[in-house]
Amino acid sequence: MAIKITDECINCGACEPECPNNAIYEGGVEWAMADGTTVKGSYTLMDGSAIDADQRNAPISVDAYYIVPNKCTECQGFHEEPQCAAVCPVDCCVPDEMYQETVDELMAKKEKLHL
């Protein structure tokens, strides 16, 4: 499953540079599928909707760092554990129960993000 950042986030920013998928953004910053990936053109999100990879999307949070679930692979294929959780000083990077994914599904997502 994807990782989420809880309300306990202290906005230290330690997690952002650790994400191999560039799925972590500072609160209030717009995101795009193309950021830090090789995705180009139309991209189908987990909910079945399609967006342009370069399209800037509304921030998921305005007050704290956030993780885009469509880009989070729990670092599968890159590291042994989610790096955001490994470096978080307040342990606010936790599994997001809204996005149940198997290791195989996370690896397939990684392959779509990094051709």
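Residues numbered from 1 in each chain as written. Predicted model: local features only at pLDDT ≥ 70, side-chain atom pairs only at ≥ 80, totals over all residues. Heavy atoms only, no water.

Enquirer: Help me understand the side chain of Ser61 in this model?
Expert: Its place among the elements puts Ser61 in the loop between strand 4 (50–52) and strand 5 (66–67). Contacts of Ser61, omitting those with residues within four sequence positions, involve Gly27, Gly28 and Tyr66. (Helix = DSSP H or I, 4+ residues; strand = E, 2+ residues; numbered from the N terminus. Contact = heavy atoms within 4.5 Å.)

Enquirer: Is there a simple way to explain the environment of Val62 in this structure?
Expert: Within the element layout of this structure, Val62 appears in the loop between strand 4 and strand 5. For the pair Val62 and Tyr25, spaced 37 residues apart in the sequence, the C-alpha separation amounts to 10.0 Å. In this structure Val62 touches Gly27 and Gly28, once residues within four positions along its chain are discounted.

Enquirer: Can you walk me through the side chain of Glu101 in this structure?
Expert: Mapped onto the secondary structure, Glu101 falls in the loop between strand 6 (93–95) and helix 2 (103–113). When its relative accessible area of 17% is taken as the criterion, Glu101 is described as buried. Among the polar contacts made by the side chain of Glu101, one reaches the side chain of Lys109 at a distance of 3.1 Å. Not counting residues within four places of it along the chain, the set of residues in contact with Glu101 comprises Met1, Ala2, Met46, Cys72, Leu106 and Lys109. (Buried < 20%, exposed > 50% of the residue type's maximum accessible area, 1.4 Å probe, protein only. Polar contact = N/O pair within 3.5 Å; in protein donor to acceptor, adjacent residues only side chain to side chain.)

Enquirer: Where do I start with the packing of aromatic side chains in this structure?
Expert: The geometry of an aromatic ring pair is captured by the separation of the ring centres together with the interplanar angle, meaning the angle of the planes. Here the structure, examined in full by the defined rule, presents one aromatic pair. A cation sits over an aromatic face here: Lys110 above Phe78, 4.9 Å from the ring centre. Sitting over the face of the ring of Tyr43, Lys112 holds its NZ or CZ atom 4.4 Å from the ring centroid. (Phe/Tyr/Trp six-rings, centres within 6.5 Å; stacked < 30°, edge-to-face > 60°. Lys NZ or Arg CZ within 6 Å of the ring centre and 35° of its normal.)

Enquirer: When you look at the pattern of salt bridges in this model, what are you seeing that I'm missing?
Expert: Note on pairing: side chains with opposite charge can pair once their charged atoms come close. Evaluation of the coordinates by the stated rule reveals four salt bridges. A salt bridge links Lys4 to Glu97; its shortest N-O distance comes to 2.9 Å. Note that Lys4 is positioned in strand 1 (residues 3–5) and Glu97 in the loop between strand 6 and helix 2, a separation of 93 residues in sequence. Classification of Lys4 as partly exposed rests on a relative accessible area of 26%. (Salt bridge = Lys/Arg side-chain N within 4 Å of Asp/Glu carboxyl O.)

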